[in-house]
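Given next are the chains, with one letter for each unit.
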Amino acid sequence: MSNGQNFEEKERERKVRRKVFYLTFATLALIAAGFLIWKLRGLILPIIVGALLAFLFRPVKDRFNVRWLPHELQVLSSFVAIGLVLFFAFNTLRKHIPDEEQKLEFKVRLTYKLNEKYRQFVAKSAEGKSNPVTSLVDNELGPLMDKINQALKLTPEERDLFLKYCAGYNGKPPIENKFYDYFRANQATTKYAIPEKTSPGAMSPTPPIAAAQVQPTAAEEGTSLESKVSTWMLAPLIFVFLGFDNGQIRRFFIGLVPNRYFELSLTVLDRLDDAIGRYLRGTLMECFLVGLSLTLGLILLGIPAGVAVAIGVAAGLLNAIPYLGTVIALVIGVGYGLIAENIKSLIPGLNPNDLALYVLILVVLVRVLDDFVFQPFVLGSAVNVHPLVVVIAVIGGALIMGLWGMLFAIPTVVVIKTAVATFFKELKAYRII
Amino acid sequence: MFERTYETDELIFEEGQPGAALFLILDGKIAIEIYRESSTTRLAVLERGAFFGEMALLDETPRSATARALERARTLALYRNDLNGLVYRHPRTACRIYRSLATMIGDRLRSTNELVQMKISVETVPLE
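The paragraphs below set out a description of the structure included in this document. Everything quoted here is computed from the prediction, not taken from an experiment. (Residues numbered from 1 in each chain as written. Chains lettered and ligands numbered in written order. Predicted model: local features only at pLDDT ≥ 70, side-chain atom pairs only at ≥ 80, totals over all residues. Heavy atoms only, no water.)

### Considerations on the overall build of chain B
Condition: Helix numbering and strand numbering both begin at the N terminus, where a helix is a DSSP run of H or I of at least 4 residues and a strand a DSSP run of E of at least 2. Burial status follows relative accessibility: with a 1.4 Å probe on protein chains alone, a residue under 20% of its type maximum counts as buried, one over 50% as exposed, and anything between as partly exposed. Throughout, a residue-residue contact means that at least one pair of heavy atoms, one from each residue, lies within 4.5 Å. Every accessible area reported is derived by Shrake-Rupley at a probe size of 1.4 Å, with residue values counting cover from the shown protein chains alone.
If you tally the helices and strands in chain B, you get two helices and eight strands. Taken from the N to the C terminus, the helices and strands of chain B come in the order β-β-β-β-β-β-β-β-α-α. Looking at chain B residue by residue over its 128 residues, the buried ones come to 35%. Contacts spanning at least 24 positions in sequence make up 71% of the contacts within chain B whose residues lie at least 6 apart. Element-wise, carbon and sulfur atoms account for 55% of the exposed surface of chain B, whose accessible area totals about 8000 Å².

See below:
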């Protein structure tokens, strides 16, 4: 055998060895990665949240991209800018957050108004002599109202504090007499549910020991909260590290890619980046439209502009988590609708006493508008996902991971769809498959 | 910029593939070739300091030739979208790169024109 043939043979053997080595190494790495991901699955969500925040932060960082300024200073300047904006936003928002006195007043007014509406409803249903309605009121709504009253009931400390505020306390003027009357009426409210007839010796359905077993102890709750807090500390850390990254992470991962797939991986990463960017912009636009629709609707219903904007902003921002924005808008809007007085609607013919019902209808309308117009056409077009897929993904996400599943359902679909489509297209274009 | 190392005879890119990056040679020799059914035409052999694949920076048309390492070569790759980003972040640097590209493409067009003219003049020599 000549030297040349010997060399070729050795090279061929070396290639086979190299392939076996790479394959074994890749398999072991995959198993190890799978094991780690499974064991550390609690960290995945904070990491994703931190990474998404860093992604959103990137345009701000780009604004501070000045040639003569070192990269670290550019990032620090953008952090300071964001911090200042958040500080002012929080400060402005804080002024609209009700203080202790307003919270107590809100509770008293809400309890009074809810009971007033309930009593009006009971009176109407009794007049109608409709047996099914009367039985529904007695069997279902009565206990429900009792539960609401129990939830809104002032604690002894809160009662004392409310009475102090009624007389003027902590440098604040006395609360209106009307609300004191509401407070007295609330105190006099009795239970609506008809007590069930029970045998004298009947026991509680749940033995106290069993209940104690189900209830976590305060120490357990504290530990769980502590671990959650420490896990979520990762999100800002990831955000800061990714914020300071100047392409090193991308370079590192591209460096691992074999030469054959180098340009392909650059293209796929770029398309993914673009798709996530379009999704985030689409979501922002959707949130803005939901917030705007709610604000305009509430103003038309006669709710003061400041309150309408506050509800619209809260619901719009939380709309990034599908359905949560609606729930928030419903709770705050209907709550406000129940306690609001002297409301003058801009739409003629509306009964101000039914404001809560109108708010409910408005929130449902905005929800329908979001589901059938904003989400499919604003978000759907931004990420090129069929509206039906958007709806199925949100429901599927909710079934798999609850609230977080709903939040990350569409981004996951976008990433998978873009990655698969680009990957196959480019693999064919590069004649790899 | 991404540093890539290619072994002897390894292909950097092939004719017809979509191009996404320009390559600057740090070390080694790179051959630019065109493969046809029965023959291979070597267009150029590039060495340290030269760059190739520049058309990928301008559009997404497929590579017009194949680049192959004649010996172990180290290159720096500049991705098209990174250059696009550079236009906003460092316009002066981006301008210099585009200017070099324009000059090089102009030079190549001039040589191609000369070649075409030479060919035309050879073909139109009157038969005696």
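### Describing the pairing of strand S1 (residues 2–6) of chain B
For a regular strand, side chains alternate in direction, first toward one face of the sheet and then toward the other. Residues and elements named next belong to chain B. For clarity, the cut-off: For two strands to be treated as a pair, DSSP must find no fewer than two bridges joining them.
The alternating pattern of S1 places Phe2, Arg4 and Tyr6 on a buried face, while none of Glu3 and Thr5, on the opposite face, is buried. Bridge count for S1 against strand S8 (residues 73–79) is five bridges, and the pairing is antiparallel. Each bridged residue has a counterpart across the sheet, and for Phe2 the counterpart in S8 is Ala77.

### Describing the interface of chain B and chain A
You'll often see interface size given as the accessible area lost when the parts meet. Quick reminder of the rule: Note: buried area is the sum, over both parts, of the accessible area (probe 1.4 Å) each one loses when the two are combined. In the sections that follow, a salt bridge refers to a side-chain nitrogen of Lys or Arg positioned within 4 Å of a carboxyl oxygen of Asp or Glu. Definition of a polar contact: a pair of N or O atoms within 3.5 Å, with one able to donate and the other able to accept a hydrogen when the atoms are protein atoms, and with sequence-neighbouring residues admitted only if both atoms are side-chain atoms. Following the grouping adopted for this structure description, the nonpolar residues are Ala, Val, Leu, Ile, Met, Phe, Trp, Tyr, Cys and Pro, the charged ones are Asp, Glu, Lys and Arg, and the polar ones are all others, Gly among them.
Across the boundary between the two partners, chain B contributes 27 residues, which contact 19 residues of chain A. Both faces considered, chain B and chain A share a buried interface measuring about 1900 Å² in area, 44% of it formed by carbon and sulfur atoms. When the area that chain B buries against chain A is broken down by residue, the three leading residues are Phe2(B), Arg4(B) and Tyr79(B), summing to 33%. Between the two partners, chain B and chain A, sit two salt bridges. For Arg250(A), the salt bridge identified is with Asp82(B), shortest N-O distance 3.4 Å. Summed over the shared surface of chain B and chain A, the result is eleven residue pairs in polar contact (both at pLDDT 80 or more). Elements that contribute at least two residues to the side of chain B that touches chain A include exactly S1, strand S2 (11–13), strand S3 (21–27), S8, helix H1 (80–89) and helix H2 (91–123) of chain B. In terms of residue count, S1(B) provides more of the side of chain B that touches chain A than any other element does, four residues in total. Taken together, the residues of the side of chain B that touches chain A sort by class into eleven nonpolar, seven polar and nine charged.

### Quick word on the pattern of salt bridges
Residues and elements named next belong to chain B. Enumeration according to the criterion identifies 21 salt bridges over all chains in this entry. One salt bridge in this structure joins Arg68 and Glu33, with 2.8 Å as the shortest N-O distance. Taken together, the positions of Arg68 in strand S7 (residues 66–69) and Glu33 in strand S4 (residues 30–35) put the pair 35 residues apart, joining distant regions of the chain. By relative accessible area, which is 15% here, Arg68 ends up buried.

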